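Secondary and tertiary structure notes
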Amino acid sequence: MTSRKRQASDSLLPVRSAKYQRTEENQGIWHRWRQLGTDAFTLGYETVRLGYLSLMHSSQKLGGSQAASQQPEKPNQTGSLPSQATYLALPPCLSIPEELYKPKDSQPVAGRSRLSSSLQSRSESSNALNGNGNSPPSTLTGHTSVTPVPSTSKGHVQHSQSYDFIGGSAHGRGVVGGIRPRRSRDHIYARVHKAKVQEDRKKDREELVQELFHYKRSTGYTSDFDSFKSLINYQARLEILERHALSPSPSLTDLRVKQSSPGHSRRHSFSDDVDPDFLERALRKARKSFELPPPKPFSPSHDRLRLSARHRDEAIEKRLRPKLPKALPPDADTQVNALLCKKGVISKVARESVNDRDLSRLLPSQWLNDEIMNFYGAMILTRSESNRDPIAKRKILDVHYFSTFFWPKLKNEGYEQGRLAKWTKKIDIFSKDVILIPINHNNSHWTGAAINFRRKRIESYDSMNLDRHQVFKALRSYLDSEHRNKRKKPFDFTGWQNHNPEDTPQQENGYDCGVFTCQFLESLSRGQEEFQFSQRDMAYLRRRMIWEIGHAKFLDGP
């Protein structure tokens, strides 16, 4: 003790009396927590018991409707739930003597759970508190038979019921009318059969494709079988897209779709776009070309001889033209490899730019995107605008190039709604030689189109040789609307033709359409009407386009 503290008067400190005395109404904290736990357990137990009884009641109503309408009430000793009519006749509180549900010679049921016994004892205690000591237990377990008992309640009907809540019931869940539905199971050989059907489908498809490949090889096809399969898949996909694109309204029936009969189905069908009907049509067309009778001999006239001589001269001239090389020069090829290793923005021209991800699209077996197409078109336009040499101007035409976003605007929105008049606010397309337009069909195929004012033609160049009459129709409408907007009068289509040459180079796979389109437009900008490239030149042209885009200029020479 220090001198600063007051000394205690007694060595023993006084003990303070408790604030609240412990009585029966005021127990300690431990006793109160124990009482709270007991009340919570009792509440949970009663909730489970009442939920169980309501579940049995609903299943009993579902299963006993038919049995009550067909058969009279008979004592049920099989342990099934009571029917609906019998249950409805049962009053809420039925007074049953204790000896009926608790016989003297009854023994405890084997396997009776502790839960069922506790439920029964608790129910008996609750009934005793309510003054109904003769009422049956609220939870019936095992097999409890109830015999007819006279009752003083008005309108009571004698009945006999048998309950089996804990054990299996004939009117349980999933049972209708006392009959449990059979669960369908697969046959023991179902998996083997499905695997064999899939194998047969694949085998039949390969045989059809092999047969068609041999026909194509005999008519001049030069690529391998893998490229041919990609070409077949690509053709089938384009055919499906064109079929849906040509349907004017969902309410109209597509007459080209073959209606399948309800009783007939093809055993072997394919899940991909190449269905057997497509392969059969292609085979039929190939066989027809071989089954045609030979041409009849004829004596050529003078005009026919002159035409033949001109064609022979054109063939000689074409043979004398320089062919495309198979590879770039060594230094240019090294520069291409360096460009492919660069990251970020690779090159810029006008408002267009290309990064490393866009440039990788020019690697083999890749589709070209809008950035590559628009960059190559900007190079064509820049070369045409910067060409001031009158001698060289004979080779380079005065062209205008629309970007890849022009066609979606024209097709989907039209001239007025798409505000296409602003696209030519600073230029006069009617003073140009050629208007070049890249077209993306259904986001799956690239083609080239041109408005040739020199030849008075609307031209379409498709490496798949598909019908493009909608291209001619849309471009004619654009020409008329543009002429009305700029010249204030309709466009005169006298002498204009739709040009879709049959000798357009064709691709032999499903991914080179973008390269073909770029080369179509580049050749047209130089005034060439015959193309010098083919499918075998695609590997060289892809490497060459990488060099040209990386340096933002065209490579000299063929």
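First things first, this report covers the structure right here in the doc. (Residues numbered from 1 in each chain as written. Predicted model: local features only at pLDDT ≥ 70, side-chain atom pairs only at ≥ 80, totals over all residues. Heavy atoms only, no water.)

1. Observations concerning the packing of aromatic side chains
Here is the rule we go by: When two rings of Phe, Tyr or Trp (its six-membered ring) have centres within 6.5 Å they constitute a pair, described as stacked for plane angles under 30 degrees, edge-to-face for angles over 60, and tilted for the intermediate range. Counting from the N terminus, the helices are DSSP H or I runs at least four residues long and the strands are E runs at least two residues long. Think of it in three bands: residues with accessible area under 20% of the maximum for their type are buried, residues over 50% are exposed, and the middle band is partly exposed, with areas taken using a 1.4 Å probe on protein chains only. Geometrically, a charge over a ring is one whose NZ (Lys) or CZ (Arg) sits within 6 Å of the ring centre while staying within 35 degrees of the ring normal.
Summed over the entire model, instances satisfying the criterion amount to 25 aromatic pairs. Their ring planes at 50° and their centres at 4.9 Å tell us that Phe520 and Phe531 sit as a pair that is tilted. Here Phe520, found in helix α15 (residues 513–525), pairs with Phe531, found in the loop between α15 and α16 (538–551); they are eleven residues apart in sequence, far enough to count as distant. Each member of the pair, Phe520 as well as Phe531, is classed as buried. An aromatic cluster of at least three residues, connected via ring pairs, comprises Phe402, Phe406, Tyr415, Trp423 and Tyr478. Residue placement shows Arg383 over the ring face of Phe554; its charged tip is 4.3 Å from the ring centre.

2. Considering a nonpolar patch on the surface
Threshold: Only residues whose relative accessible area exceeds 30% and that take part in no salt bridge are eligible for patches, with like-charged residues grouped when within 9 Å of each other and nonpolar side chains (Val, Leu, Ile, Met, Phe, Trp, Tyr) grouped when within 5 Å. We get accessible surface area from the Shrake-Rupley algorithm with a probe of 1.4 Å; when it comes to residues, only the shown protein chains can shield them. The working definition used for a salt bridge is a side-chain nitrogen of Lys or Arg within 4 Å of a carboxyl oxygen of Asp or Glu.
The grouping of Ile29, Trp30, Trp33 and Leu36 at the surface amounts to a nonpolar patch, some 550 Å² of accessible area in total. You can see Trp30 is positioned in helix α1 (residues 29–63).

3. With respect to the side chain of Ser223
The condition that has to hold: Distance and chemistry together define a polar contact, namely a pair of N or O atoms within 3.5 Å, with one atom able to donate a hydrogen and the other to accept it when in protein, and with adjacent residues in sequence counting only for side-chain atoms on both sides. Any two residues whose heavy atoms approach within 4.5 Å at even a single point are treated as in contact.
Looking at where Ser223 falls in the secondary structure, it is placed in the loop between α6 (190–218) and α7 (225–245). Only 2.4 Å separates the side chain of Ser223 from the side chain of Glu508, close enough to count as a polar contact. Filtering out sequence-adjacent residues up to four positions away, Ser223 remains in contact with Phe213, Arg217, Glu508 and Gln535.

4. Thoughts on the nonpolar core
Counted only if it meets this: Residues belong to a common nonpolar core when they are buried Ala, Val, Leu, Ile, Met, Phe, Trp, Tyr or Cys residues joined through side-chain atoms within 4.5 Å.
Core analysis: the biggest nonpolar cluster contains 62 residues, and Leu436 and Ile549 have the highest contact counts within it. Among the elements that make up this core, the one with the highest residue count is helix α12 (residues 370–385) (eight residues). Excluding residues within four positions of it along the chain, Ile549 makes contact with Ser347, Val354, Leu359, Leu362, Ile372, Phe375, Tyr376 and Met379. Phe430, Ile435, Val471 and Ala474 belong to the second largest nonpolar core, which has 23 residues in total.

5. A word on the pattern of salt bridges
Following the criterion strictly, the structure yields 17 salt bridges and no others. Counted as one network, the salt bridges with shared partners bring together Arg455, Arg457, Glu459 and Glu529.

6. A closer look at a positive patch on the surface
Applied cut-off: None of His or the chain ends enter the tally, which takes Lys and Arg as positive and Asp and Glu as negative. Where a charge sits is defined by one atom per residue type, namely NZ (Lys), CZ (Arg), CG (Asp) or CD (Glu).
Among the surface-exposed residues, Arg351, Arg419, Lys422, Lys425 and Lys426 lie close enough to one another that they form a single positively charged patch. Relative to the helices and strands, Arg351 is located in the loop between β3 (345–349) and β4 (352–355).

7. Considerations on unusual backbone geometry
Backbone geometry at Arg419 places phi at a positive 55°, although glycine is not the residue there. Although it is not a glycine, Asn443 adopts a positive phi angle of roughly 55°. Checked against the element boundaries, Asn443 lands in the loop between β6 (434–441) and β7 (445–452). When its relative accessible area of 65% is taken as the criterion, Asn443 is described as exposed.

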